[in-house]
Amino acid sequence: MSPKVAGHKTATRQIVCSYNEWDPLEEVVVGVVEGATVPPWDWIAKATMPDHAAWFFKKHGGKPFPKKMIEKAAEELNGLAALMKKLGITVRRPEKMDFSKEYRTPWWKSRGLYAAMPRDVFMVVGETIVEAPMAWRTRYFEGQAYRELMVEYFRDGAKWLPAPKPSMDKHFYSKTYDTDTPYVKGKKQFPITNHEIAFDAADFVRFGRDILVQKSHVTNELGIEWVRRHIGPDYRVHEVEFDDPHPMHIDTTIVPLAPGKILINPSWVKKLPGMFKSWDVLPAPEPANSFDSALYFSSDWLSINILSLDEKRVIVEEKEEPLIRALKQWGFEPIPIAFRNFYPFGGSVHCATLDVRRRGELASYF
Ligand code: ABU
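Since the structure is predicted, the reported quantities are computational estimates derived from the model, not experimental observations.

**Let's talk about the overall build of the chain**
Then comes step 1: Along the backbone of the chain there are 7 helices and 21 strands.
Then comes step 2: By the compact-globule yardstick of 21 Å for 366 residues, the chain fits well, its C-alpha radius of gyration being 19 Å.
Then comes step 3: C-alpha atoms of the chain, sized along the principal axes, occupy 50 × 45 × 40 Å.
Then comes step 4: Taking all 366 residues of the chain together, 60% fall into the buried category.
Then comes step 5: Long-range pairs, those at least 24 residues apart, make up 73% of the contacts in the chain between residues at least 6 apart in sequence.
Then comes step 6: Summed over its atoms, the accessible surface of the chain is roughly 15,200 Å², and 52% of this surface lies on carbon and sulfur atoms.
Then comes step 7: Of the side chains in the chain, 50 bear a positive and 48 a negative charge, and the two mean positions are spaced by 2 Å.

Okay, here's the thing in structure tokens:
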């Protein structure tokens, strides 16, 4: 597929610059897991976590994650960072913070979660870093762990666009949402209302000028409209809906791999929007050994939460052998890494990273 390069001109290459998920990666943020704290078992946990994980939140809610879990996951994150450094990619890390400290707003009190998933909090759109307002009280101050880094990128010429934080008071959460009834009269239900702006950055996925977004348990209509209006006329934001009954973050549903090539989760993607009609669609194989790691925060489709280094090389969890085989057959070069101990925190390699700079231009692929 030859993209229509849209005449985007930058006199000098900016420190922050990325338009899609597949241009050659030059700089990346890799999360840290130290200080991670388990959320309490409240209505928002019940709405968004798998039922089988309730015991974990009831046992550990409000306390730091068990030490062994943190140590093993930190080792894998450090391994990911070391691998990318070895491949010539600049790797940056957020600050390690103690997320078990209680904080208050005028309306409620909470503790934090972690700085393990930069993808959830930030999205790079061209030379702008969009900072999401988030939708969980436990994530209200998560962006702080990246503050030094964001100020540095700003000093070096990046645009930094933090969304207004919702109050997350009682009007923010739905009084009628019921986990067991994800659809009412065919309409997907969500635990957050449309009272204030809310989104997580991981509900957006970038294809150059076109950005896809889903409404989810953490992203509402006002949030989508805020992004659309603020990133400006160079970009088209398309709202999409798939068959995930409890959507939260689009990066286990569709995964762009290269111009004209998209990996999909066949359980949730029954039909792609018409814009993909000339694209090669690669349905992912079933995740491997789904429950050999404890998936407290996520579905087992973390298998496809992978990170492209360019149009060929893609970092994949090493036990996801069916996916590794399929990617090879499709002409990609998977790089397997140990990342299973990170899964219980709710993400894999894509969630754990934020591509800050990729070598490439703003283009249309549709
Ligand atoms: N944060 C990515 C998890 C999405 C999923 O549960 O599939």
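**Examining the site of the ligand**
Then comes step 1: Lining the immediate surroundings of the ligand are Met248, His249, Thr252, Trp268, Ser298, Ser299, Gly346 and Cys351.
Then comes step 2: In this structure, an oxygen atom belonging to the ligand sits 2.6 Å away from a side-chain N or O atom of serine 299.
Then comes step 3: When the free accessible area of the ligand is taken as 250 Å², the share hidden by the protein chains comes to 90%.
Then comes step 4: In terms of residue class, the shell around the ligand is made up of 3 nonpolar, 5 polar and no charged.

**Some remarks on the pattern of salt bridges**
Then comes step 1: A full pass over the atoms with the stated rule returns 27 salt bridges.
Then comes step 2: Two residues, lysine 67 and glutamate 71, come together in a salt bridge whose shortest N-O distance is 3.3 Å. Remark: glutamate 71 and lysine 67 occur in helix H3 (residues 67-86); sequence separation between them is 4 residues, near one turn of the helix.
Then comes step 3: Between aspartate 280 and lysine 261 there is a salt bridge, with its nearest N and O atoms 3.7 Å apart. Here aspartate 280 is found in strand E16 (residues 280-283), whereas its partner lysine 261 is found in strand E15 (residues 261-264), with 19 residues between them in sequence.
Then comes step 4: Among the residues examined, lysine 261 registers a relative accessible area of 27% and is labelled partly exposed.
Then comes step 5: Several salt bridges converge on common partners, so that one network encompasses Glu26, Glu27, Arg92, Glu152, Arg357 and Arg359.

**Observations concerning the packing of aromatic side chains**
Then comes step 1: Taken as a whole and judged by the stated rule, the model has 30 aromatic pairs.
Then comes step 2: Aromatic pair tryptophan 55 and tyrosine 296: ring centres 5.9 Å apart, planes at 80°, arrangement edge-to-face. Of this pair, tryptophan 55 sits in helix H2 (residues 54-60) while tyrosine 296 sits in the loop between E16 and strand E17 (307-308), placing them 241 residues apart in sequence.
Then comes step 3: Taking 5.7 Å as the distance between ring centres and 70° as the angle between the ring planes, the aromatic pair formed by phenylalanine 207 and tryptophan 279 counts as edge-to-face. Highlighted residues: phenylalanine 207 in strand E11 (residues 204-207) and tryptophan 279 in the loop between E15 and E16, separated in sequence by 72 residues.

**Quick notes on H3**
Then comes step 1: Along its 20 residues, H3 runs 28 Å from first to last C-alpha, staying within 8% of the 28 Å computed at 1.5 Å per residue.
Then comes step 2: Within H3, the full set of buried residues consists of Met69, Ile70, Ala73, Ala74, Glu76, Leu77, Leu80, Ala81 and Met84. On an axial view of H3, the arc spanned by its buried residues comes to 165°, and they lie on one face. Away from the buried face of H3 by more than 90 degrees, exposed residues Lys67, Lys68, Glu75, Lys85 and Lys86 are located.
Then comes step 3: Of the residues one or two after H3, glycine 88 is the one with positive phi, at around 90°.

**Brief notes about the nonpolar core**
Then comes step 1: By size, the foremost hydrophobic cluster in this structure holds 52 residues, and its most contacted members are Val33, Phe65, Met84, Phe342 and Phe345.
Then comes step 2: Taken together, the elements giving at least two residues each to this core come down to strand E2 (25-30), helix H1 (43-48), H2, H3 and strand E19 (333-337).
Then comes step 3: In terms of residue count, H3 provides more of this core than any other element does, 8 residues in total.
Then comes step 4: With residues up to four places along the chain from it excluded, the contact list for phenylalanine 345 reads Val33, Ala36, Phe65, Met69, Ile70, Ala73, Tyr114, Met117 and Phe297.

**What to know about the sheet that holds E15**
Then comes step 1: Across the sheet, which stays open at both edges, the 3 strands sit in the order E14-E15-E16 with mixed pairing between neighbours. Two strands lie at the open edges of the sheet, namely strand E14 (254-258) and E16, each paired on one side alone. Strand-to-strand twist in this sheet, taken as the mean axis angle between neighbours without regard to direction, amounts to 25°.
Then comes step 2: As paired strands, E14 and E15 are joined by 4 bridges and run antiparallel to one another. By the bridge assignment for E15, alanine 258 is matched with lysine 261.

**Some thoughts on the side chain of arginine 206**
Then comes step 1: By secondary structure assignment, the location of arginine 206 is in strand E11.
Then comes step 2: Setting aside residues no more than four positions away along its own chain, arginine 206 makes contact with Ser18, Tyr19, Asn20, Glu21, Trp22, Arg119, Met123, Val124, Ile211, Pro256 and Asp355.

**Some words on the UniProt feature "active site" (unreviewed entry) in the chain**
Then comes step 1: Per the UniProt record, "active site" (unreviewed entry) is annotated on Asp200, His249 and Cys351. In sequence the annotated residues extend across 152 residues, while in space they remain close, none of their C-alpha pairs exceeding 11.5 Å.
Then comes step 2: Here aspartate 200 is to be found in the loop between strand E10 (187-188) and E11.
Then comes step 3: Look at aspartate 200 and you get buried, because its relative accessible area is 1%.
Then comes step 4: With respect to the helices and strands, the residue histidine 249 is situated in the loop between strand E13 (236-240) and E14.
Then comes step 5: At a separation of 2.8 Å, a polar atom in the side chain of histidine 249 contacts the side chain of aspartate 200.

Here is what the cut-offs are and how they apply
Residues numbered from 1 in each chain as written. Predicted model: local features only at pLDDT ≥ 70, side-chain atom pairs only at ≥ 80, totals over all residues. Heavy atoms only, no water. Helix = DSSP H or I, 4+ residues; strand = E, 2+ residues; numbered from the N terminus. Rg over C-alpha atoms; globule rule 2.2 N^0.38 Å. Buried < 20%, exposed > 50% of the residue type's maximum accessible area, 1.4 Å probe, protein only. Contact = heavy atoms within 4.5 Å. Areas by Shrake-Rupley, 256 points an atom, 1.4 Å probe, with all protein chains shown as cover. Lys, Arg positive; Asp, Glu negative; His and termini not counted. Charge placed at Lys NZ, Arg CZ, Asp CG, Glu CD. Near = heavy atom within 4 Å. Polar contact = N/O pair within 3.5 Å; in protein donor to acceptor, adjacent residues only side chain to side chain. Nonpolar A, V, L, I, M, F, W, Y, C, P; charged D, E, K, R; others polar. Salt bridge = Lys/Arg side-chain N within 4 Å of Asp/Glu carboxyl O. Phe/Tyr/Trp six-rings, centres within 6.5 Å; stacked < 30°, edge-to-face > 60°. Expected span 1.5 Å × (residues − 1). Arc of directions from axis to C-beta. Core = buried A, V, L, I, M, F, W, Y, C linked by side-chain atoms within 4.5 Å. Pairing = 2+ DSSP bridges. Axes fitted to C-alpha atoms, helices over the stretch in contact; angles between N-to-C directions. UniProt positions renumbered as here; feature names shortened; annotations may be inferred.

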